[in-house]
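Coordinate inspection notes
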Amino acid sequence: MAGATKQDMRPALPQPGTGGGAPALGRLPRLALIGNPNSGKTSLFNQLTGLNQKVGNFPGVTVDRKTGIAQLGGQRRAEVVDLPGTYSLYPKSLDERVIADLLYNPLSADYPDFVVVTVDASNLRRSLLLFSQLADLGLPAILALNMTDVAADRGIQLDTAVLERELGVPVVPMNARKGVGLAALRILMADRLAAAPPAGRFWQPTPELQPLLASIRQHFDLPNDYLALHYAHQFRQLHFLSEADRDFLAQLTEEYKFDSTAQQAAETVSRYAHINELLLEVVTVTRTERREPASNRIDKVLTHRVFGYAIFLAILFLLFQAIFAWAQYPMDLIDQGISALSGAIQARFSGPLVRLLTEGVIAGLGGVLIFIPQIALLFAFLAVLEETGYMARVTFLMDKLMRPFGLSGKSVVPLISGLACAVPAIMGARTIESWKDRMLTIFVTPLMSCSARIPVYTVLVALVVPDEAWLGIFNMRGLVLMGLYLLGLGSALLSALVLKAVLKARERSYFIMEFPVYRWPRWKNVGLTIVEKVKAFVTQAGKVIIAISVLLWVLASYGPGQRQARAEAQVQQQATAQRWPAAETERRVASARLETSYAGTFGHVIEPAIRPLGFDWKIGIALLTSFAAREVFVGTMSTIYSVGQDADLGTVQQKLASEKDAQGQPFFTPVRALSLLVFYVFAMQCMSTLAVTYRETKSWRWPLGQLVYMTGLAYAASLFVWQVFS
């Protein structure tokens, strides 16, 4: 048979269940958390790892890879990998394929030494399907019997001793949200590092399948029939297989007339029959619900076709009010602290390095730190909505709204995630099975206003919108901010409607999801989310902002040839002739120095293109630098208006408010600020968004289309605002 001669040259694969042998010297044992969506897997991961976690990507793909270090029993430690949620080992979406690539390839760098399977004790039948497949793969495992409190509330009693005996693995009853059972799980984890595979088996090959599986096992040196079966089912999607391996398996499955769909259906039926027999011995229901569950009664309100949307809008309204009202005091403290620090340094020291520190580094740092309260509030709200189970209801509710625009309910998750950041939001579209729905979602997600735009929005809104209450209750600035977010959502939906007509794919998509039970938020998880996101904002955005701020300071402080010296001399002559005050002379000298600098020269080059929008050369510099990251706009403006000026000028907002036009009037009028706000609502977010779009679509056509379309839309909208209302 073709390819058979390659076996002698193929390195023997370590057997599943041994983790590829003992952990290599210097490497911590690696365990993987796997389970159904909403089974409490993430809560368990947070309990085990706390703040000792990080987020990256699985090798070769853009699926989130969350890892952390857990303290086990006996002072041992292990690396924990949080795998994407899945219902079975037959992947339906791109992120689920990561699990197959990992568990079917013992040579993978991330291959686990054993797995912890989280199951929902209140829905054991569904949860055990995944466990049964993992058991037949031969992976050493522990069963974390989670949500025992929910099962008890529903009158479900479980005989864990019988369950442990039948499955052949340790079973730990627990409540991951509250940490109940966590100590016992840590001890068992330490003991299972050198454990044997589960004793129970749920599947046996039929006589017709055995010749095919035997050939696959022999060719790939596989330890059991079930792993060979998955090679037959999924060889086209397994990235670690070579083209020669795929050709061999294609030839083999065709020779034995292997019907993947029929075999998968038969296997699932057989597994559920086995699980049903097991549950007869394990599960006892002591009472049945005589009235409709409370969650169903709540869902009738939260997913109502009228009240559901009204409640969701009210929650969004509360969020945007909080971003201004609750965050204002800590923001003022941070802003004043940065200004005071800069002023104190300039009062005691002088020289180019001091100016670089105060006008470049500290000004850029202030553009990062000042927005921490608002970023923390945004992610706190999103985390609470996720923890309580309400976000799943929003996804279901919005499906009805999304369908006419060519999107599905699953598009809502990336769109809502886009309120935080477009990069993980676009990656989140991998869960959408329909190619058309996925492409539409990826294309329009950057139109959702991400957290990086909050600095731009809040500075400009606070600059021109009075801090007053409408009807004595609603903060005007919060209302304007909510309007900007709704404008982004509306443009995303309308853009999807247009693109729907362009894409000719006629595949049908279906929306099926499971509602998690309502829970009070676990504040530890909310806190971890806030810390993780704020840390990412400060470290990732901060690096870019400070680097660009320093570069801008250099470009704004020095110029080509003798232009700056001539411009300063001309201003000094005018000051002497017209007897200007010293403060006015200093301000005009600083302005002339900036205008004739490298940055000013470049700004004047692009000014003719943006002047119809109401922008000048200073705003032009900020527009270009903020393409690296939207947050850079504020840091850029702070740096530009700090160069050569006294630190007592105050905060970023005060610097912008003090800017004058040629007639001596305030430069940032309400119309100019609105034109700039509208530009930022529609413009492409940043370079990272384009990069992740390319990685997800494997084509430059989509990111370039996004760039051209959104830049054109931003320019046209800003042009309309300025030309009509100025």
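Residues numbered from 1 in each chain as written. Predicted model: local features only at pLDDT ≥ 70, side-chain atom pairs only at ≥ 80, totals over all residues. Heavy atoms only, no water.

**Focus on the overall build of the protein**
- Helix and strand content of the protein: 31 helices and 11 strands.
- Residues classed as buried in the protein amount to 53% of the 726 residues present.
- Put simply, of all contacts in the protein between residues at least 6 apart along the chain, 75% involve residues at least 24 apart.
- Accessible area for the protein stands at about 32200 Å²; split by element, carbon and sulfur atoms hold 60% of it. (Helix = DSSP H or I, 4+ residues; strand = E, 2+ residues; numbered from the N terminus. Buried < 20%, exposed > 50% of the residue type's maximum accessible area, 1.4 Å probe, protein only. Contact = heavy atoms within 4.5 Å. Areas by Shrake-Rupley, 256 points an atom, 1.4 Å probe, with all protein chains shown as cover.)

**Observations concerning the packing of helix H19 (residues 435-444) against helix H31 (residues 701-725)**
- Direction vectors running N to C along H19 and H31 enclose 45°, while the axes themselves pass 10 Å from each other. With respect to H31, the axis of H19 lies oblique. You can see that H19 and H31 cross each other, and the crossing is right-handed. Each of Trp-435, Met-439, Ile-442 and Phe-443 in H19 lies in contact with H31, whose residues at this interface are Trp-702, Gly-705, Gln-706, Tyr-709 and Met-710.
- Considering only residue class, the contact of H19 with H31 consists of seven nonpolar, two polar and no charged. (Axes fitted to C-alpha atoms, helices over the stretch in contact; angles between N-to-C directions. Parallel < 35°, antiparallel > 145°, perpendicular 65-115°, else oblique. Left-handed = near helix turned anticlockwise from the far one by under 90°. Nonpolar A, V, L, I, M, F, W, Y, C, P; charged D, E, K, R; others polar.)

**Notes on helix H13 (residues 328-348)**
- For H13, built from 21 residues, the straight-helix expectation of 30 Å at 1.5 Å per residue is met to within 8% by its first-to-last C-alpha distance of 30 Å.
- Of all the positions in H13, only Met-331, Asp-335, Ile-338, Ser-339, Ser-342, Gly-343 and Ile-345 are classed as buried. Buried residues of H13 fall within an arc of 165° about the axis and therefore sit on the same side. Facing away from the buried side of H13, by more than 90 degrees, are the exposed residues Tyr-329, Ala-347 and Arg-348. (Expected span 1.5 Å × (residues − 1). Arc of directions from axis to C-beta.)

**Some details on the pattern of salt bridges**
- Within the structure shown, the criterion is met by 11 salt bridges.
- Residue Asp-82 is joined to Lys-41 by a salt bridge in which the shortest nitrogen-to-oxygen separation is 2.8 Å. Residue Asp-82 is found in strand E4 (residues 77-82), and its partner Lys-41 is found in helix H1 (residues 41-49); the two are separated by 41 residues along the sequence. Take Asp-82 and Lys-41: they sit in the same class, and that class is buried.
- In this structure, Glu-281 engages Arg-165 in a salt bridge whose closest nitrogen and oxygen atoms are separated by 3.7 Å. In this pair, Glu-281 is assigned in helix H10 (residues 260-282) and Arg-165 in helix H5 (residues 160-167), connecting sequence segments 116 residues apart. (Salt bridge = Lys/Arg side-chain N within 4 Å of Asp/Glu carboxyl O.)

**Topic: the nonpolar core**
- Counting residues in hydrophobic clusters, the biggest one holds 83 residues, and the most contacted among them are Tyr-457, Phe-615, Ile-619, Leu-623, Phe-668 and Leu-676.
- Setting aside its immediate chain neighbours within four residues, Tyr-457 contacts Ser-449, Leu-481, Leu-484, Tyr-485, Leu-677, Tyr-680 and Val-681.
- Counting residues in each nonpolar core, the second largest holds 61 residues, with Phe-131, Tyr-226, Leu-227 and Phe-248 among its members. (Core = buried A, V, L, I, M, F, W, Y, C linked by side-chain atoms within 4.5 Å.)

**Brief notes about the packing of helix H21 (residues 476-502) against helix H29 (residues 670-682)**
- Their axes nearest at 9 Å, the elements H21 and H29 cross at an angle of 45°. The angle between H21 and H29 places the two elements in the oblique class. In the packing of H21 onto H29, the handedness of the crossing is right-handed. Only Leu-677, Val-681 and Phe-682 of H29 make contact with H21, whose side of the interface consists of Leu-484, Leu-487, Gly-488 and Ser-491.

**Overview of the pairing of strand E1 (residues 30-35)**
- The element E1 is extensively covered by neighbouring structure, given that six of its six residues are classed as buried.
- The side-chain alternation of E1 yields two buried faces, one formed by Arg-30, Ala-32 and Ile-34 and the other by Leu-31, Leu-33 and Gly-35.
- Note that E1 and strand E5 (residues 114-120) share five bridges and pair parallel. In the strand pairing of E5, Leu-31 is matched with Phe-114. (Pairing = 2+ DSSP bridges.)

**Considering the confidence of the model for the protein**
- When pLDDT is averaged across the protein, the result is 78; 82% of the residues are at 70 or more.
- The low-confidence segment residues 1-22 (pLDDT under 50) makes 43 contacts with residues lying over four places distant or belonging to another chain. (pLDDT = per-residue confidence, 0-100.)

**Here we look at the packing of aromatic side chains**
- If you walk through the whole model with that rule in mind, you get 13 aromatic pairs.
- Geometrically, the ring pair formed by Phe-443 and Tyr-709 is tilted, given 5.8 Å between the ring centres and 40° between the ring planes. Of this pair, Phe-443 sits in helix H19 while Tyr-709 is found in helix H31, placing the two residues 266 residues apart along the sequence.
- Judged by its relative accessible area of 10%, Phe-443 falls in the buried class.
- By relative accessible area, which is 32% here, Tyr-709 ends up partly exposed.
- Summarising the aromatic geometry, the rings of Phe-667 and Phe-668 are spaced 5.1 Å apart at their centres and angled 85° between planes, so their arrangement reads as edge-to-face. Residue Phe-667 shares its accessibility class with Phe-668, and that shared class is buried.
- Put simply, the rings of Phe-220, Tyr-231, Phe-240 and Phe-248 touch in pairs and so form one group of aromatic residues.
- Over the ring of Tyr-272 we find Arg-125, and its NZ or CZ is 4.3 Å from the ring centre. (Phe/Tyr/Trp six-rings, centres within 6.5 Å; stacked < 30°, edge-to-face > 60°. Lys NZ or Arg CZ within 6 Å of the ring centre and 35° of its normal.)

**Here's the deal with unusual backbone geometry**
- Unusually for a residue other than glycine, Met-147 sits at a positive phi of about 60°.
- Relative to the elements of secondary structure, Met-147 occurs in the loop between strand E6 (141-146) and helix H4 (148-153).
- The phi angle at Asp-221 is positive, at roughly 55°, despite the residue not being glycine.
- Considering the arrangement of structural elements, one finds Asp-221 in the loop between helix H7 (210-220) and helix H8 (225-234).

**Quick word on the side chain of Ser-127**
- With respect to the element layout, Ser-127 can be found in helix H3 (residues 124-137).
- When its relative accessible area of 2% is taken as the criterion, Ser-127 is described as buried.
- Polar contacts involving the side chain of Ser-127 include one to the main-chain amide nitrogen of Asp-120, which spans 3.2 Å.
- Side-chain polar atoms of Ser-127 contact the backbone oxygen of Asn-123, separated by 3.2 Å. (Polar contact = N/O pair within 3.5 Å; in protein donor to acceptor, adjacent residues only side chain to side chain.)

**Overview of helix H6 (residues 182-191)**
- All buried positions along H6 are accounted for by Leu-182, Leu-185, Arg-186, Met-189 and Ala-190. An end-on view of H6 places all buried positions within 135° of arc, on one side of the element. The exposed residues of H6 that point more than 90 degrees off its buried face are Ala-183 and Asp-191.

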